[in-house]
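Single-letter residue listing:
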Amino acid sequence: MSLPDGWEMVIGLEVHTELQTKTKLFCGCANAFGADANSQVCPVCLGLPGSLPVLNEQAVELAMAIGFALHCSVAPSTFHRKNYFYPDMPKDYQISQYDLPINSNGYLDLPDGSRVTIERAHLEEDTGKSTHLGGSGRIHGADRSLVDYNRSGVPLVEIVSGPDMRSAAQARAYAAELRGILIATGASDGRLEEGSMRFDANVSVRRPGAPLGTRCEIKNLNSLRSLQRAIDYEAARHVAILEDGGKIRQETRHWSEDLGETSTMRTKEEADDYRYFLEPDLVELSPSIEWQDRVRAALPPMPAERRATLLTIVSEPTSAQRDAVGVIVDLQLDRFVLDAVAQGADAALAIARTSNEIAAGIDSLANLSLDSFVTTLQLEASGSLSATQAKTVLAEVLATGGDPVAIAAARGFEQLASDTLSDLVASLVEAHPDEWHRFREGDEKLAQFFIGQVMKATKGQANGKAVIAELNARR
Amino acid sequence: MTSAHDIAARVAAGSSATTEVETSLAAISQRNAELNVFLYVDEEGARAAAHQVDERIARGEKLPLAGVPVALKDNLCTEGIPTTCSSKILEGWRPPYTATVVERLLAAGAIPMGKTNLDEFAMGSSTENSAFGPTLNPLDPRRVPGGSSGGSAAAIAAGMTPISLGSDTGGSIRQPAALCGVVGIKPTYGLVSRYGVIAFASSLDQVGPFAANVADAALTLEVIAGHDRMDSTSLPETSPSLVAHLKDGVAGRRVGYVKELVDGSDPDVAAAVAAAVEVLRAQGATIVEMSIPELQLGLSAYYLIAPAEASSNLARYDGVRFGLRVDGDDVAGMNEATRTAGFGAEVKRRIMLGTYALSAGYFDAYYGQALKVRTLTINAFQKAYADVDFLIGATTPSVAFPFGSKTKDPMAMYLNDVFTIPSNLAGDPAVSVPFGRGEANLPIGVQLLGPGRSEAGLLAAAQVLEDAERAR
């Protein structure tokens, strides 16, 4: 969706990602999703009187990895307290980095070539999770509220972009690319549905070239689809108000996925005064140069580099292949494809089958060994299996973990030996001289006639492409 | 009461720790109803602990505080034992864990007898702010024992236990030590773990010992000090050697006699400090009269920094998870009703002060300015310590004052901490040692201040004063 002519969207994103550490940010409790409520808690993450935070080294390491992957500089940093009352925040303050974040001044290049600046990527702790029963399902008017503190103190990194994006699609592409980077660094599992990543979008509109308009922040978007829809909705809302001669009120807004619209959460005037001050229970965080170098050196290749590497296996990639490579890297299957090609699989086939058939059966990927994949592709490439047959075999290997040759045999996909096919074609050419003549003169439609005859003679066991190859060889 | 050193020696030699516990329990039951020193006496726990100590000694363990009864300020978390901070908001709360300092006392064979009274959340200088009534000064029950660790100081003065622990945020160990005539140490910030110490002002709080003599205080500090990985602000080193240096004396030491640490005190207090200075001089110290004007700024900086941190530290008492809950129409209403009913007037005053000092638009003028003054104080001390080894002054402006004499005027009460606050701002150690008597024959505390980690030297100087006091 785009805005009416003469308007430009300006979008900045704040992305919260939970870090995949073994333990929480400031205590030894397990950082695990889905455990029984309030089973992963201790005096520290419950904020009991007298408890003190101790910073998790692994969280610092993952935060630095994110920073380096986003071309940030890592600097000595501090923690502050962000003070506000909320039942799922046990200390009634959140420990967060404020004026001195661990990572700042980086950028992220998107697949379309655009660059989004990263202002900062800082560490902070997550809150517990409230469930409001009765009433509206939100805290006001609920009959009772239940709080699970398992998530309290889970490490988060908040990645703040510059106001650099100009469409909801670009914002979505940024979020998707960032997700890939977070997964590649090992910082996050990227599971949006489990809340591992959450997005806040700052949206404003302006006339091109004009100063930035008044922004609204849409909080807690938890899917790429919601992100894109909410931004489009919000920008259109701004344009409608402005074209009507109105003014935008700076505020925080809530996105309803069901209604497909945003609504006011709180206005600027109602915003809390967080009374930030330096957290006296923690000391300055100054990772040594050696530690930084170790983290940087251990960084695996990022998605952009992996896409480029994968594209090198096809000589002149089509745009469909570029898209397919994006899907493959997203699914972390690029190594698999490269290995298959190294073992003799055809590159174009490997990319096509991986981005389609394997992507569709990704949940049962464990059933597909590299050998089975390579064997299937080789059967297809040699003409022993038709494209359709190869797809069927692949789907069944994924579903059952069986051997592709055995599956092909069981399904009656037993291919004709090539000399058998050659003999058959020779006899058909002899039996149908007129058709053969017309084919030789260039009437390609006649290929279908011969394929039909071969299929009839072999009860569908032959491969159409192999038949055409055989005919062409005789022309 | 027998000293901790003597108790540990005889228990190590085979005398039962149970005897020590029964002696302590008898002393507590004799005067606790009158003085309100202990909020909770753990008779059963103490007797059980005595048996364990006997068993450990029988097994050949070396326990530096074998069988020594200890009183714990009620802001130290003790698993399964009520820990109230003398506040209604924590009445009945039993922590699921134990503070590191208490764990270390237990490991050393000490026997916690119970929890002592304090000004609510350690905010005060007289224990009059306790929700459970004031503690009376054992030396004169019409007077305050000082605060906020009034109960722990009174436990020593009343002979209930030979050692106790308090916490010192702006003088809360040294001031009651002075008013009760006992020794109190505020250690270097980070020397003693704060894990399990219920926070008042995190950047200032430090746990330390009380004892009837310097040697017992030094021994107790040795036991509780040293790095704790549960406290990020804990210093990396192990516990210092203190008792071994008690006889080091002061010969050759340079001592700053600081005008601002005496000015404004009563004549009896000033005279005691002057006499202490002469003792040190006679023992070979060089006395350097000096002025450190920045120290006068400490009080106002402290009353912004400490309340600011407290306003955040005390936010968690919201009725949601533990302690008191008073219902309201909604969550915010419940928070408000709980805090209104649960906190006393002084705690509310400081939460409001601190909230204000940190608020948008006021931060720079108040909290920000106070941090600058804190830096000034640190620099001023550093400059002084470039010239002298330690400083001497009064601990408090007066001897123990009568109940009610300062409760109407918070500023008058706050001024009681004017000499003790600078050490907290700087994170430096200071000791209060009884020296001389003043009005109504009440004890006077002389304060010795040093740079970070100078405890051994400070305690050696305190020992010199204690020896001179005994010889008089």
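Residues numbered from 1 in each chain as written. Chains lettered and ligands numbered in written order. Predicted model: local features only at pLDDT ≥ 70, side-chain atom pairs only at ≥ 80, totals over all residues. Heavy atoms only, no water.

### Some words on the domain arrangement of chain A
Residue and element names in this part refer to chain A.
Move 1: Domain parsing of chain A yields domain 1 (8–297), domain 2 (303–410) and domain 3 (418–474).
Move 2: Contact residues are listed per partner, giving 6 residues for domain 1 and 5 residues for domain 2.
Move 3: Here domain 1 packs against domain 2, burying approximately 440 Å² in sum over the two surfaces, 50% of which is carbon and sulfur.
Move 4: Linking domain 1 with domain 2 are 1 salt bridge.
Move 5: Put simply, Glu177 and Arg307 hold a salt bridge, and the shortest N to O gap is 3.0 Å.
Move 6: Considered class by class, the residues forming the side of domain 1 that touches domain 2 number 4 nonpolar, 1 polar and 1 charged. (Domains from an automatic or database assignment. Contact = heavy atoms within 4.5 Å. Buried area = accessible area lost by both parts, 1.4 Å probe. Salt bridge = Lys/Arg side-chain N within 4 Å of Asp/Glu carboxyl O. Nonpolar A, V, L, I, M, F, W, Y, C, P; charged D, E, K, R; others polar.)

### Notes on the layout of surface pockets
Move 1: Roughly 620 Å³ of internal volume is contained in the second largest pocket.
Move 2: Lining the second largest pocket are 26 residues, and of these Leu278(A), Pro280(A), Leu282(A), Ser203(B) and Arg374(B) lie nearest its centre.
Move 3: Sorting the residues of the lining of the second largest pocket by element identifies β14 (277–278) of chain A together with α12 (364–387) and α14 (421–426) of chain B as the ones contributing at least two each.
Move 4: Top element by residues in the lining of the second largest pocket is α12(B). It accounts for 5 residues. (1 Å grid on protein atoms, 1.4 Å probe; cavity = no way out; pocket = protein on both sides within 12 Å on 5 of 7 lines; lining within 4 Å. Points joined across faces, edges and corners; volume = space filled by probe spheres on them. Helix = DSSP H or I, 4+ residues; strand = E, 2+ residues; numbered from the N terminus.)

### A look at a nonpolar patch on the surface
Residue and element names in this part refer to chain B.
Move 1: Where nonpolar side chains cluster on the molecular surface, the patch consists of Tyr356, Tyr362 and Tyr366 and spans about 290 Å² of accessible area.
Move 2: Mapped onto the elements, Tyr366 comes out in helix α12.
Move 3: Under the relative-accessibility criterion, Tyr366 is labelled partly exposed at 32%. (Patch = residues over 30% accessible without salt bridge, like charges linked within 9 Å, V, L, I, M, F, W, Y side chains within 5 Å. Areas by Shrake-Rupley, 256 points an atom, 1.4 Å probe, with all protein chains shown as cover. Buried < 20%, exposed > 50% of the residue type's maximum accessible area, 1.4 Å probe, protein only.)

### Examining the environment of Ala8(B)
Residue and element names in this part refer to chain B.
Move 1: Inspection of the secondary structure puts Ala8 in helix α1 (residues 4–12).
Move 2: Accessibility expressed as a relative area gives 8% for Ala8, which makes it buried.
Move 3: Leaving out residues up to four positions away in the same chain, Ala8 has contacts with Pro64, Leu65, Ala66 and Val68.

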